[in-house]
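Okay, here's what each chain looks like letter by letter:
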Amino acid sequence: MSNDGTNPMRPYLGVLAGIKELAADIRLFQIELQNATGKAAFADYMPGQFAFVSAFGAGEAPFGITSIPGRGELLEFAIHRHPHGKTTNALHSLKLGDPVGVRGPLGNWFPMDEIKGKDIIVIGGGIGGAPLRPVISTILDDRENYGGLTILWAARNPSLLIFTEEYDSWRATPRTDLHLTVDQRPPDWREGNEGLITTLLENVGPSPKNAITITCGPPIMIHFVALSLRKLGFTLDQMLVTLEGRMHCGIGKCGRCNLGDIFVCVDGPVFHHSQVAGLMESFL
Amino acid sequence: MMFMTHDDLTTWLDHLTKELKVIAPRDVGKGHVLYRPVTNSSEITFDYTRPDLSAKEFLLPHTERLMRFEKRADQLEMHDLSCEAEQIIFGIRPCDAHGFVALDALFRDQEPADAHYSQRREMTILVGMACPQMWEGCFCTSVGGAPDDPSHLDALLIPVDGGYAVQTVTDKGEKLLASADFKEVTDGQDRTLPEIPMNEIVPVLPPEQWPGHFDEDYWMRLGERCLSCKLCTFICPTCRCFDLRDEPIASGANLVVHERMRVWDACTAPNYRTIAGGHNSRPLKGQRIRNRYYCKFHYYPQDFGPLGCVGCGRCVEVCPVNIDILEMLSTVSAMQRELDVLEAEVEL
Ligand code: SF4
Ligand code: SF4
Ligand code: FES
């Protein structure tokens, strides 16, 4: 086996070029790929795709890519440190300039061309909402080609809201609204609402006319958001979702991510809700 | 059909073991036979039933070193680790060779090809030994195989009176056998192939009929007694789930070395589907047993072509709580018959 990239399990070598605190235990990792093959592989990845990030010696884990190629060469991942997660803990202990590995881009993506001209409602919950950021960036950078953009963002509490630095620029963009909600609002927090994302969604009440929704978050949230959207008149075909799967390979081999006869890693992670609803085995 | 005496065979094997890595059935004591590397023919057993473990580990090792990471100060070097040299698996049973067909479809033929598996597969020659009978619990003939099926081998030996009938199947097999000494059958002895006693055929529902039975209570009842011990998947010639782990290999003041290993995994394990946030979409044992069987009889054939079961019967033998794939297959077929009756009544 040579070093020419014929081993699909081999990561591209990168270095940690930036680390930003996004929220409690959540950091944005900016990675600069070190060689031409890696850069070529990531030349035109799409919103919704994911990649495995390696903390060499600890392991690798899959994360949605939160950057877009149009905004520079650095690859960005929002990574939550899990108390018992060997890889996420190791990633969080890395310093600027440390080597990391990236394997990808993997999976399918949001059909950004097909949804041009439509009103888009993005609904994100916690760290699971991270794959929505490239959708938002893509729309903001090509604003006239998309309809209204409504962003509904939820977290358990304000300290877990991610990408807060960007909220002002999102709000300042024409035909773009941002609505926030947290499970429990501290007395001094005035930026958003208190309550579940479904309550927020039903209060904002977006119209289903020529609209498409994109939901990213934990399975249970995807389920209840779909119920609320149905109440608002959206059909399952108007709802796009990303499913999280336990994954070890990302290329349809290891068996980990199957839901019935589909593999989240290659058949997804992006699905129409109508596909998800018709799956043999529930994602819940 | 060519013929080889037992002495010619052992002479040939002694010659092969000098040149190549040879894996063959070996009696490891107390009546247990395993496929193991051998250095000469005296280590091989020719009188064996179904080895306790399949030959899967020689193409998909239980622990396989994929890459090595060497870290010096801030510099990281990454090395792909490649596989060993050419190997012959001698005496492999036709069902175990059939198992490789399932692994081939996924690891080699489905893009992107797995580099390690494909390379090892390319360097492996399979010389099979037909089973003189079907053993207890074997049902290869129900899932497209046979005790003397040459199709997935490079060459097949069939025990006959006084030696072995030899059938070459592929060019690889022919080339390898060119170094062996064959006899023309001239002495009028009976060298015809023996009739092989067969086990009963079990009904196997065709892949497209399985989805209709996914929600049956049966699976949860079946799962109640499962211990989630994973034995059934580890001994299975076609179960292929894997995990990746980085393991420390060496560390010193200036150099830290890790290797990324691929290790066997099992879908019957409790946390198999638990995602980072803690959600588990397959928490019930019955759901996991169902997944294992659906993988074999519905997902695998639908997604990759071959069935994920070759009828070796090992999972029946090994399960500590007697969960029985044959009983499962009969039950599912019975459920289908009931469904057919109901549908016929609706049409009337
Ligand atoms: S009988 Fe059991 S162990 Fe053998 S191939 Fe089928 S599922 Fe695997
Ligand atoms: S061998 Fe039996 S008890 Fe163990 S995981 Fe398999 S079915 Fe369950
Ligand atoms: S992550 Fe390995 S099959 Fe999907």
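Here the structure is a predicted model, which means the values were calculated and not measured.

Draft legend 1. Local environment of the sheet that holds strand S3 (residues 50–55) of chain A. Residue and element names in this part refer to chain A. The antiparallel open sheet is built from six strands, whose spatial order is S4-S3-S6-S1-S2-S5. The open sheet has two edge strands, strand S4 (59–64) and strand S5 (75–80), and neither has a second partner. Strand-to-strand twist across the sheet, computed as the mean angle between neighbouring axes with direction ignored, equals 40°. Judged from the six bridges that link them, S3 and S4 form a sheet pairing that is antiparallel. Residue pairing in the sheet places valine 53 in a bridge with alanine 61 of S4.

Draft legend 2. Local environment of the interface of chain A and chain B. Taken together, the contact between chain A and chain B spans 46 residues of the former and 49 residues of the latter. Of the roughly 4000 Å² buried at the junction of chain A and chain B (both faces included), carbon and sulfur atoms supply 53%. Where chain A packs against chain B, one counts 26 residue pairs in polar contact (both at pLDDT 80 or more). When residues of the side of chain A that touches chain B are traced back to their parent elements, those giving at least two are strand S1 (12–23), S3, S4, strand S6 (99–106) and strand S13 (258–259) of chain A.

Draft legend 3. Examining the sheet that holds strand S4 (residues 63–72) of chain B more closely. Residue and element names in this part refer to chain B. Spatially, four strands are ordered S5-S4-S11-S10 in an open sheet, and the strand pairing comes out antiparallel. Only two strands of the sheet have a single partner each, and these edge strands are strand S5 (75–80) and strand S10 (242–251). Each adjacent strand pair in this sheet contributes to an overall mean axis angle of 25°, direction not counted. When S4 meets strand S11 (residues 256–264), the two strands line up antiparallel, connected through eight bridges. Opposite methionine 67, over in S11, you have arginine 260 as the bridge partner. Helix-sheet contacts for helix H3 (residues 115–122) involve S4 and S11, and the interaxial angle to S4 is about 125°.

Draft legend 4. Representation of the pairing of S5 of chain A within the structure. All names here are of chain A. Buried residues dominate S5, accounting for five of its six residues. In the sheet, strand S2 (residues 26–33) pairs with S5 via six bridges, with the strands oriented antiparallel. Within S5, the residue paired with arginine 27 across the bridge is isoleucine 79.

Draft legend 5. Spatial organisation of the site of ligand 1. Lining the immediate surroundings of ligand 1 are 13 residues, of which Cys236, Cys309, Cys312, Gly313 and Cys315 of chain B lie closest. For the shell around ligand 1, the class distribution of residues is nine nonpolar, two polar and two charged.

Draft legend 6. Up close: the nonpolar core. Counting residues in hydrophobic clusters, the biggest one holds 56 residues, and the most contacted among them are Met9 and Leu243 of chain A together with Ile89, Ile92 and Phe100 of chain B. Of the residues forming this core, the biggest block, seven residues, is contributed by helix H2 (residues 94–108) of chain B. Looking at which domains feed residues into this core, each of domain 1 (12–106) and domain 2 (119–282) of chain A gives three or more. Counting 36 residues, the second largest nonpolar core, distinct from the first, contains Leu132, Leu149, Leu180 and Cys216 of chain A.

Draft legend 7. View of helix H3 (residues 133–140) of chain A. Buried residues dominate H3 of chain A, accounting for eight of its eight residues. The complete set of buried residues in H3 of chain A reads Arg133, Pro134, Val135, Ile136, Ser137, Thr138, Ile139 and Leu140 of chain A.

Draft legend 8. Local environment of helix H9 (residues 325–347) of chain B. All names here are of chain B. With 23 residues, H9 extends 33 Å from end C-alpha to end C-alpha; this agrees with the ideal 33 Å at 1.5 Å per step. Residues of H9 that are buried include every one of Ile325, Leu326, Met328, Leu329, Val332, Ser333, Met335 and Gln336, and no others. Elements in contact with the buried residues of H9: helix H5 (218–224), helix H7 (285–304) and helix H8 (314–318).

Draft legend 9. Molecular detail of the confidence of the model for chain B. In the predicted model, chain B carries a mean pLDDT of 92, and the fraction of residues at 70 or more is 97%. What the predictor reports for the complex is a pTM of 0.94 with an ipTM of 0.92.

Draft legend 10. View of the pattern of salt bridges. Throughout the structure, instances matching the rule amount to 33 salt bridges over all chains. Between arginine 27 of chain A and glutamate 21 of chain A there is a salt bridge; the shortest N-O distance is 2.8 Å. Assessed through its relative accessible area of 55%, glutamate 21 of chain A is described here as exposed. When the shortest N-O distance is used, the salt bridge between arginine 71 of chain A and aspartate 141 of chain A registers 2.8 Å. Within this pair, whereas arginine 71 of chain A is found in the loop between S4 and S5, its partner aspartate 141 of chain A is found in the loop between H3 and strand S8 (149–155), the two being separated by 70 residues in sequence. Taken together, the salt bridges that share partners define one network made up of Glu60 and Arg103 of chain A together with Asp246 and Arg260 of chain B.

Draft legend 11. Quick peek at the site of ligand 2. Ligand 2 sits among 13 residues. The nearest are Cys226, Leu227, Cys229, Cys232 and Cys319 of chain B. Residue composition of the shell around ligand 2, by class: 10 nonpolar, two polar and one charged.

Draft legend 12. Fine view of the pairing of S10 of chain B. Residues and elements named next belong to chain B. As paired elements, S10 and S11 share nine bridges and run antiparallel to each other. By the bridge assignment for S11, phenylalanine 242 is matched with tryptophan 264. Linking two consecutive strands that pair antiparallel, namely S10 and S11, is a turn of four residues.

Draft legend 13. How the structure looks around the domain arrangement of chain A. All names here are of chain A. Domain boundaries in chain A define domain 1 (12–106) and domain 2 (119–282). Computed from C-alpha coordinates alone, the two centres of domain 1 and domain 2 are separated by 21 Å. In this assembly, 22 residues from domain 1 lie in contact with 23 residues from domain 2. A combined buried area of about 1800 Å² lies between domain 1 and domain 2, and 63% of that area is made up of carbon and sulfur atoms.

Reading the values: rules and limits
- Residues numbered from 1 in each chain as written.
- Chains lettered and ligands numbered in written order.
- Predicted model: local features only at pLDDT ≥ 70, side-chain atom pairs only at ≥ 80, totals over all residues.
- Heavy atoms only, no water.
- Pairing = 2+ DSSP bridges.
- Helix = DSSP H or I, 4+ residues; strand = E, 2+ residues; numbered from the N terminus.
- Axes fitted to C-alpha atoms, helices over the stretch in contact; angles between N-to-C directions.
- Contact = heavy atoms within 4.5 Å.
- Buried area = accessible area lost by both parts, 1.4 Å probe.
- Polar contact = N/O pair within 3.5 Å; in protein donor to acceptor, adjacent residues only side chain to side chain.
- Buried < 20%, exposed > 50% of the residue type's maximum accessible area, 1.4 Å probe, protein only.
- Near = heavy atom within 4 Å.
- Nonpolar A, V, L, I, M, F, W, Y, C, P; charged D, E, K, R; others polar.
- Core = buried A, V, L, I, M, F, W, Y, C linked by side-chain atoms within 4.5 Å.
- Domains from an automatic or database assignment.
- Expected span 1.5 Å × (residues − 1).
- pLDDT = per-residue confidence, 0-100.
- Salt bridge = Lys/Arg side-chain N within 4 Å of Asp/Glu carboxyl O.

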